[in-house]
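So you can see what is in the structure, the chains are spelled out below.
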Amino acid sequence: MSLVEAAVAPRERFTATVPVPVLEQRIERVRAAMIAEDLDALVVFGSPRMLGSRTKTAGYVQFLAGYAAKPTPSTVVVAASGTAAVLAFGVHERREFSQRSAWLGEIVLAGEQRLHPEAAARVLSDAGIGGGARIGVIGIDELSHPAHQELAERFRDFRIIAAEGVLDRLRLTRAPEEIEMLRISARISDAMVAAAFAESTRPGASGPSAMAEAEHVGRLLGADSANCWLSIGEEPPTTYFEFMELPARITDRDRVQLGTTTSYEGYFGQCLRMGVRGRPSTELAAYADILIQIQDAALEVMRPGEPLHRVIDVIEDEYAAHAPFTRETDPFRFQSCHGLGLTYVEPGTARDLNPLRDRSLDDSGVRIEKGMVIEVHPNFTVPGLGCIVAGDMALVTDDGAVWITESPRGIWEL
């Protein structure tokens, strides 16, 4: 099947979800962790899911409730004693949470976010949780100023504990049904790449038309959010996210490269590819092979029980051997790898996959375990070629890791 045929083939929308029994078992683990941390309750404030990779708090809501509202903030309250509630913005969100999260507890119509602290305090009071109780709170850093003020007022008699770490560790251990969500997100990302490249071959195609086609296909396949950046030109210098930044016409001299960012049922996926009109230059082909070499070196160290920081350490070693610029002097280089899950950067992996981390903390770092998904997207600048990229999702298995993005790696000839 040709590139164009693959991109326009009939597409069936994915409709899988994480089953309620899996979510209920997750809440049992959450409550056990709360008891171990001596927390009487957990209150999670979440930003709108539509913010995609720009929010980390919606993922915490999704983790607890199995769902997060797309256009508005939402809050989840879970008591160690068994009470739980979801605070929804309006009637539409209450309807959605009633369909998806009624298994957890009461669905409360709470209004705008500044009213959520008062509603959460009421839920806690009704559960018999009063002054002096230890309340784990997540999402403070994304609260609006009025909501933050209300939190300080309504929770003044509680002992507030920052509780992100309680859930971060739990989120790294995944049920098979969660892994399937990540596999679906990978398939959608692959389809978006194929659609963008197929559109790029059409006479008269533009940067905006390629971006629109990719994002249309992602949504058509059932993604909660389907976005991409594009970089088009003979020597692409950076990545572009807006129509206004993209060329009005893709020419026969251009290289087309893109990165997709998808979310399916809250689970994120990503794929980065380069395509060229005609045959790639010898130098570009050689560097494309180097990018694959870097990816495969990272994949090789993804084994259960190994320190997670080894993944970024290997990538940085490969950069030192092959990248023309250092990290500090490169005109444009973004992060090289990150954990994927219910947020674009899975928070439990962020410290260990940071090349600038405090290495004295490595002995207390995260160990790789089965079910983790890590996006490996090496990128750096080459004089005369601009920024070059590759990116794939790696799933850790019993004794190693495998790529779960399946679109052809290397350079696509358009």
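Residues numbered from 1 in each chain as written. Predicted model: local features only at pLDDT ≥ 70, side-chain atom pairs only at ≥ 80, totals over all residues. Heavy atoms only, no water.

A. Representation of the side chain of Glu93 in the model. With respect to the helices, strands and loops of the structure, Glu93 is situated in helix H4 (residues 91-100). Although Glu93 is buried, it makes no salt bridge; Arg95 carries the closest opposite charge, 7.8 Å away. Among the polar contacts listed, one links the side chain of Glu93 to the side chain of Thr72, at a separation of 3.1 Å. Other than its neighbours up to four places away in sequence, Glu93 contacts Ala69, Pro71, Thr72 and Ala88. (Helix = DSSP H or I, 4+ residues; strand = E, 2+ residues; numbered from the N terminus. Buried < 20%, exposed > 50% of the residue type's maximum accessible area, 1.4 Å probe, protein only. Lys, Arg positive; Asp, Glu negative; His and termini not counted. Salt bridge = Lys/Arg side-chain N within 4 Å of Asp/Glu carboxyl O. Polar contact = N/O pair within 3.5 Å; in protein donor to acceptor, adjacent residues only side chain to side chain. Contact = heavy atoms within 4.5 Å.)

B. Local environment of the sheet that holds strand E1 (residues 41-46). Spatially, E4-E3-E2-E1-E5-E6 is the arrangement adopted by the six strands of the open sheet, whose pairing is mixed. The two strands at the open ends of the sheet, each matched to only one other strand, are strand E4 (106-109) and strand E6 (159-162). Strand-to-strand twist of the sheet, defined as the mean angle between neighbouring strand axes without regard to direction, takes the value 20°. Strand direction decides the pairing type here: E1 and strand E5 (residues 134-138), joined by four bridges, are parallel. When the sheet's bridge partners are listed, Ala41 is paired in E5 with Ile135. (Pairing = 2+ DSSP bridges. Axes fitted to C-alpha atoms, helices over the stretch in contact; angles between N-to-C directions.)

C. Structural context of the environment of Glu96. Mapped onto the elements, Glu96 comes out in helix H4. Under the relative-accessibility criterion, Glu96 is labelled partly exposed at 21%. Between the C-alpha atoms of Glu96 and Tyr67, which are 29 residues apart in sequence, the distance is 8.6 Å.

D. Inspection of helix H2 (residues 20-36) at higher detail. Under the 1.5 Å per step criterion, the end-to-end length of H2 is 24 Å for 17 residues, consistent within 8% with the ideal 24 Å. Every buried residue belonging to H2 is among Val22, Leu23, Arg26, Ile27, Val30, Arg31, Ala33 and Met34, and all of these are buried. A positive phi of about 60° marks Asp38, the residue just after H2. (Expected span 1.5 Å × (residues − 1).)

E. Region of the structure containing the environment of Ser209. Residue position: Ser209 is located in helix H9 (residues 207-220). Ser209 sits 134 residues away from Thr343 along the chain, and the two C-alpha atoms are 28 Å apart. Not counting the four nearest positions on each side in its chain, Ser209 is found in contact with Glu199 and Arg202.

F. Highlighting the sheet that holds strand E16 (residues 411-413). Reading across from one edge, E7-E8-E9-E16 is the order of the four strands in this open sheet, with mixed pairing throughout. Where the open sheet ends on each side, the last strands, each with one partner, are strand E7 (225-233) and E16. Strand after strand, the sheet turns through a mean of 25° between neighbouring axes, direction not considered. Along the sheet, helix H8 (residues 176-200) makes contact with E7, strand E8 (255-264), strand E9 (267-276) and E16, crossing E8 at roughly 150°.

G. Broad picture of the nonpolar core. Core analysis: the biggest nonpolar cluster contains 72 residues, and Val30, Leu42, Leu64, Val76, Phe97, Leu167 and Leu230 have the highest contact counts within it. If you look at the next biggest cluster of nonpolar residues, it comprises 43 residues, including Ile290, Leu291, Ile294 and Ile315. (Core = buried A, V, L, I, M, F, W, Y, C linked by side-chain atoms within 4.5 Å.)

Any functional reading would require information that these geometric values do not contain.
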